[in-house]
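Coordinates in review
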Amino acid sequence: MSGRATVLVTGGAGYIGAHAVLALAGAGYRTVVLDDLSTGRRAAVPDGIPFIQGNAGDPDLLADVLERHAIGTVMHFAGSIVVPESVDKPLAYYRNNTLNSHALIEACVRAGVSRFVFSSTAAVYGVPERLPVSEDSPTLPINPYGRSKLMTEWMLRDTAAAHGLRFMALRYFNVAGADPQGRAGQCSPVATHLIKIAGEAAVGKRSEVLLFGDDYPTHDGTCVRDYVHVCDLADAHVAAVRHLENGGESGILNCGYGHGYSVREVLDAVERVAGHPLPVRIAPRRAGDPPELVASRERITDTLNWQPQHDDLDTIVRTALAWERRLADGG
Ligand code: UDP
């Protein structure tokens, strides 16, 4: 632990943030979690990790936390992530994602924090023209969520050019799965993501899974996505911190495996792992879903030497289901 500056993890009580805290601790980093618990859970933060309940856009709180804990790196997960909600409440998304990030970046510049790892999204690409999507593809987000994240990337890029701050923005593809040891997983009260929803159906928490569209121009007519295990994603964040600590340049990296599965293939995997069929009903297409979204992973491999350990659909589904059972059992 010694010799390494502490990492502040905003949103560390949320799904991905909690896995990042575990990965950082496993790599010997000291961490501090800042979370307003609007969607996160206090219980997701392991014992012994300092926890501050507060908003990641509160300048006075940030100034205090950055100094008091001698923060050297900020890992910024706190934010809102539900695409349809961002369409209904754009200003809430621009506040929570863009304005709060502005306050956090500004606090870092003021406090001399020189490393920043940002939780971005493949939603910044919108509907890509070419697959797999490289980081140099045009960024044309089609919803406020994607735009609110893209603006933060721009702020980071411009701040890095003007001040002594270096950053890594990781553009997540479809994050799923849970810690294989059962220490963390996804707890959204209102699930919207496919594997979470299918997992809830598999344990009897919902009566059916709606399959949004089976008439897409893909091999089986359903949408294809690049599902990445949350622990591999968390490891990519640790590698990003190391990269910056070693003097590496700022950058923007896709975080996906570089291959995709259709909605049907995912549902087949859930049935296979659960050992019973799922109640699936074909429904109309969901607005704003691109037919296919798969990452080019060359840049993250070259830059971070990222070596995923869970690149297997059944593993992703198995860990997600184990977590869902744990929640169903009240754990
Ligand atoms: N999907 C579905 N039923 C659901 C949830 C999602 O058919 O209940 C489909 C969705 O239309 C998309 C894919 O699963 O094609 C992945 O959607 P998800 O919301 O998990 O992630 P996104 O790709 O939108 O970020």
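Refer to the structure printed above.
Residues numbered from 1 in each chain as written. Predicted model: local features only at pLDDT ≥ 70, side-chain atom pairs only at ≥ 80, totals over all residues. Heavy atoms only, no water.

A short note on the site of the ligand
Definition in use: Nearness is defined per residue: one heavy atom within 4 Å of the molecule or strand is enough. Polar contacts here mean pairs of N or O atoms no more than 3.5 Å apart (in protein, one a potential hydrogen donor and the other a potential acceptor; neighbouring residues in sequence count only if both atoms are side-chain atoms). Numbering of helices and strands starts at the N terminus; helices are DSSP runs of H or I of at least 4 residues and strands are runs of E of at least 2. Lys, Arg, Asp and Glu make up the charged group, whereas Ala, Val, Leu, Ile, Met, Phe, Trp, Tyr, Cys and Pro make up the nonpolar group; the residues left over, Gly among them, are polar.
Taken together, 14 residues lie near the ligand, and Leu194, Leu210, Arg225, Arg286 and Asp289 sit nearest. Between the ligand and Asn174 there is a distance of 2.9 Å, counted from an oxygen atom to a side-chain nitrogen or oxygen. One of the backbone nitrogen or oxygen atoms of Leu210 is found 2.6 Å away from a nitrogen atom of the ligand. When contributions to the shell around the ligand are tallied by element, the ones reaching two or more residues are α6 (194-202) and β8 (209-212). Here the element with the most residues in the shell around the ligand is β8; it accounts for three residues. Of the residues assigned to the shell around the ligand, the class counts are eight nonpolar, three polar and three charged.

Quick look at the pattern of salt bridges
Put simply, the rule is: In the sections that follow, a salt bridge refers to a side-chain nitrogen of Lys or Arg positioned within 4 Å of a carboxyl oxygen of Asp or Glu. Partly exposed describes any residue whose relative accessible area lies between the buried limit of under 20% and the exposed limit of over 50%, with all areas from a 1.4 Å probe on protein chains only and scaled to the type maximum.
Summed over the entire model, instances satisfying the criterion amount to 16 salt bridges. As a salt-bridge pair, Glu85 and Lys89 come within 3.9 Å of each other at their nearest N and O atoms. Judged by relative accessible area, which is 46%, Lys89 ranks as partly exposed. Note that Arg299 and Glu135 form a salt bridge whose closest N and O atoms lie 3.9 Å from each other. A residue pair is termed long-range when its members are at least 10 positions apart, and Arg299 in helix α9 (residues 298-304) and Glu135 in the loop between β5 (115-121) and α5 (144-162) qualify at 164 residues. The class of Glu135 is buried, set by a relative accessible area of 9%. A single network of salt bridges, built from pairs that share partners, joins Glu135, Asp136 and Arg299.

Regarding the sheet that holds strand β9 (residues 224-225)
Worth spelling out the cut-off: For two strands to be treated as a pair, DSSP must find at least two bridges joining them.
If you walk across this open sheet you meet the three strands as β12-β9-β14, and the pairing is mixed. The strands lining the two open edges of the sheet, one partner per strand, are β12 (261-262) and β14 (292-293). Pairing of β9 with β12, which is carried by two bridges, proceeds in the antiparallel orientation. Bridge assignment links Arg225 to a residue of β12, and that residue is Tyr261.

Things to note about the side chain of Thr121
What counts, and what does not: Residues are treated as being in contact if the distance between any of their heavy atoms lies within 4.5 Å.
Along the chain, the position of Thr121 falls in strand β5. Among the polar contacts made by the side chain of Thr121, one reaches the main-chain amide nitrogen of Ala123 at a distance of 2.8 Å. In contact with Thr121, other than residues within four places in its own chain, are Tyr145, Lys149, Leu170, Arg171 and Tyr172.

Considering the sheet that holds strand β3 (residues 51-53)
Quick reminder of the rule: Orientation is described by axes fitted as lines to C-alpha atoms, over the contacting stretch for helices, and by angles from 0 to 180 degrees between their N-to-C directions.
With respect to topology, seven strands assemble into an open sheet ordered β3-β2-β1-β4-β5-β6-β11, the strand pairing being parallel. In this open sheet, the two edge strands, each paired with only one partner strand, are β3 and β11 (251-255). Shown here is a sheet whose adjacent strand axes are inclined to one another by a mean of 20 degrees, direction ignored. The strands that helix α1 (residues 15-26) touches are β1 (6-10), β2 (31-35), β4 (71-76) and β6 (166-172); relative to β1, the one it contacts most, it runs at about 165 degrees. Most of the contacts of helix α2 (residues 59-68) go to β4, to which it runs at about 130 degrees, and overall it touches β1, β2, β3 and β4.

Regarding the environment of Asp232
Residue position: Asp232 is located in helix α7 (residues 230-245). A sequence separation of 197 residues divides Asp232 from Asp35, and the C-alpha atoms of the two residues are 22 Å apart. Apart from residues no more than four positions distant in its own chain, Asp232 is found in contact with Tyr257, Trp306, Pro308, Gln309, His310 and Asp311. Engagement of the side chain of Asp232 in a polar contact is seen with the backbone nitrogen of Gln309, the distance being 2.7 Å.

Here's the deal with the packing of aromatic side chains
Spelled out, the test is: Stacked, edge-to-face and tilted are the three classes for Phe, Tyr and Trp ring pairs, Trp counted by its six-membered ring, which pair at centre distances within 6.5 Å; planes under 30 degrees apart are stacked, over 60 edge-to-face, the rest tilted. Charge over a ring is defined by NZ of Lys or CZ of Arg lying within 6 Å of the ring centre and within 35 degrees of the ring normal.
Under the criterion given, the structure shown has two aromatic pairs. Centroid distance Tyr125 to Phe173: 6.4 Å. Interplanar angle 40 degrees. Geometry classified as tilted. One end of the pair, Tyr125, is in the loop between β5 and α5; the other, Phe173, is in the loop between β6 and β7 (174-176), and 48 residues separate them in sequence. Here Tyr125 and Phe173 have matching classes, each one buried. Over the face of the ring belonging to Tyr216 we find Arg285, whose NZ or CZ atom lies 4.0 Å from the ring centre.

With respect to unusual backbone geometry
Residue Pro132 is reached from Leu131 by a cis peptide bond, and omega for that bond is -10 degrees. Summarising the element assignment, Pro132 is placed in the loop between β5 and α5. Even without glycine at this site, Ala70 takes up a positive phi of about 50 degrees. Tracing the backbone through its elements, the reader meets Ala70 in the loop between α2 and β4. Classification of Ala70 as exposed rests on a relative accessible area of 52%. Even without a glycine there, the phi angle at Asn305 is positive, about 50 degrees. With respect to the element layout, Asn305 can be found in the loop between α9 and α10 (313-328).

These values are about where atoms sit, not about what they do.
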